[in-house]
Amino acid sequence: MNSMILGKINFVEESLEKEVKEILKLKFSQNYSDFSIGEWKTCILWNGTGFQEDSTLKEYKGKARPTELGKQLKYINYIIHNTFNHDCIRWVRIFLVRKGLIIPHKDYLELKEGFIRVHIPLQTDLTCLHSEGDQVYHMRKGEIWFLDGNQPHSACSLADTTRISLCIDFKCGIPFEEIFKDPKEFNPSIDPYIIERPYIHKEYETALQSLSHIIREDNFDEILSILAKVHFFKQVNALSMYNWLIDITQKSGNNYLIEKALKMKSFFIGERKFEEVLAR
Ligand code: YCP
Ligand code: CO
């Protein structure tokens, strides 16, 4: 796994709790809803222009500016200013997920080089999981995680917990020490919380393949949702869902669904144009 823990923030519980209440009142953007199933949304706190509506990830020159909503989160801003190297920050966003997930994908396919992406969970519990390739893990509150968006990855909160994560994108091509205000804060010694999963039985996989008898245009999304979740509780790669989906649609004999499955795989892990939105 390329993703790793870079350090930890020791939040003042009371201040964080107050801030989480403020975050839950914010107006979130619908951008990237084609990447998600269930409740998943984002709010832009800092970007290149300071405009709230400037919500499509892109590279730019210069320093990041807080948006109107970003300015309201005083404790988060205090934490960012105290912990990180302001000059290298490009995007600061909140990612919220509840009874939902982000479909396994690669980031930056639509960009030239991408970013160094960091996540810091603000509210979470053990029902909230992340994955990269063959691994599933849980990010604990306050941990500063580097997420390698170039690797296939996914995230979920399948139960009722509202998982709130602070996502900070730094400019590419700098060593991890440099994202911190004080390079000594870089501390890659914390062990990640890895989730062990049971093997997938033959019967289980056969049952998944049998969805070819059930799949239709009107339940495609529900089947997609079943397939995308499997890797969080069975020992398979995050990308297994695409092979299942393509097999299932091929066995169904429905050309429209086959095309849809192929397009989906390509959009999420192959090629994506800037500002392209997947019709779902
Ligand atoms: C991004 N890409 O990298 C978006 C957000 C999923 C995919 C969510 O900013
Ligand atoms: Co991603």
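What counts and how
Residues numbered from 1 in each chain as written. Chains lettered and ligands numbered in written order. Predicted model: local features only at pLDDT ≥ 70, side-chain atom pairs only at ≥ 80, totals over all residues. Heavy atoms only, no water. Donors = N, O, S within 2.8 Å, 3.2 Å for Na, K, Ca; no water. Buried < 20%, exposed > 50% of the residue type's maximum accessible area, 1.4 Å probe, protein only. Near = heavy atom within 4 Å. Polar contact = N/O pair within 3.5 Å; in protein donor to acceptor, adjacent residues only side chain to side chain. Areas by Shrake-Rupley, 256 points an atom, 1.4 Å probe, with all protein chains shown as cover. Helix = DSSP H or I, 4+ residues; strand = E, 2+ residues; numbered from the N terminus. Contact = heavy atoms within 4.5 Å. Phe/Tyr/Trp six-rings, centres within 6.5 Å; stacked < 30°, edge-to-face > 60°. Lys NZ or Arg CZ within 6 Å of the ring centre and 35° of its normal. Expected span 1.5 Å × (residues − 1).

Student: Which parts of the structure should I look at to understand the coordination of the cobalt ion (ligand 2)?
Tutor: The reference angle at a metal is 109.5 degrees if four donors form a tetrahedron and 90 or 180 degrees if six donors form an octahedron. Protein ligation of the cobalt ion (ligand 2) involves H105 (NE2), D107 (OD), D107 (OD) and H153 (NE2), the donor distances falling in the range 2.1 to 2.6 Å. Written as a sequence motif, the donor residues of the cobalt ion (ligand 2) are H-x1-D-x45-H. For D107, a relative accessible area of 11% gives the class buried.

Student: Which parts of the structure should I look at to understand the site of ligand 1?
Tutor: Around ligand 1, the neighbouring residues are Y32, F35, W40, L57, R93, I102, H105, D107 and R117. In this structure, R93 approaches ligand 1 through a side-chain N or O atom, which is 2.7 Å from an oxygen atom. Protein chains shield 98% of the accessible area of ligand 1, which is 260 Å² for the free molecule. Here the shell around ligand 1 gets three residues from one element, more than from any other, and that element is strand β4 (residues 89-105).

Student: Before we go on, may I ask you to explain the side chain of R117 in this structure?
Tutor: One can find R117 in strand β5 (residues 116-123). A distance of 3.2 Å separates a polar atom in the side chain of R117 from a polar atom in the side chain of D107. Setting aside anything within four residues of it in sequence, one finds R117 in contact with L57, R93, D107, Y108, W145, F146, L147, C167, I168 and D169.

Student: Any chance you could explain unusual backbone geometry here in plain terms?
Tutor: What is expected of a backbone is that most residues other than glycine have negative phi and most peptide bonds are trans. In the Ramachandran plot, K99 falls in the positive-phi region, its phi being about 45° despite a non-glycine side chain. Here K99 is to be found in strand β4. Residues other than glycine seldom take positive phi values, yet Y108 does so here, at roughly 65°. Mapped onto the elements, Y108 comes out in the loop between β4 and β5.

Student: Please clarify how the packing of aromatic side chains should be interpreted in this entry.
Tutor: By convention here, two paired aromatic rings are described through the distance between centres and the angle between planes. In the structure shown here, the tally under the stated rule is 15 aromatic pairs. Measuring from centroid to centroid gives 6.5 Å for F180 and F186, while their planes differ by 35°, and the two rings are tilted. Put simply, the rings of F84, F146, F170, F176, F180 and F186 pair up and form one aromatic cluster. Directly above the ring of Y60 sits R90, whose terminal nitrogen or CZ lies 5.9 Å from the centroid. Lying across the ring of F220, K260 places its NZ or CZ 4.7 Å from the centre.

Student: Help me understand the environment of E110, please; the structure alone is not making it clear to me.
Tutor: Mapped onto the elements, E110 comes out in the loop between β4 and β5. Among the residues examined, E110 registers a relative accessible area of 16% and is labelled buried. Considering only alpha carbons, one finds E110 and K273, 163 residues apart in sequence, at a separation of 4.9 Å. Leave out the neighbours within four places in its chain, and E110 touches R272, K273 and F274.

Student: Explanation requested: helix α6 (residues 240-252) in the structure shown.
Tutor: An α-helical turn contains 3.6 residues, so any two residues separated by three or four positions project in the same direction. Between its terminal C-alpha atoms α6 stretches 18 Å, which fits the 18 Å expected from 13 residues at 1.5 Å a residue. Every buried residue belonging to α6 is among S240, M241, Y242, W244, L245, I246, I248 and T249, and all of these are buried. Packing partners of the buried residues in α6 comprise β4, α4 (202-209), α5 (220-233) and α7 (255-270). Residue G253 follows α6 closely and has a positive phi angle near 75°.

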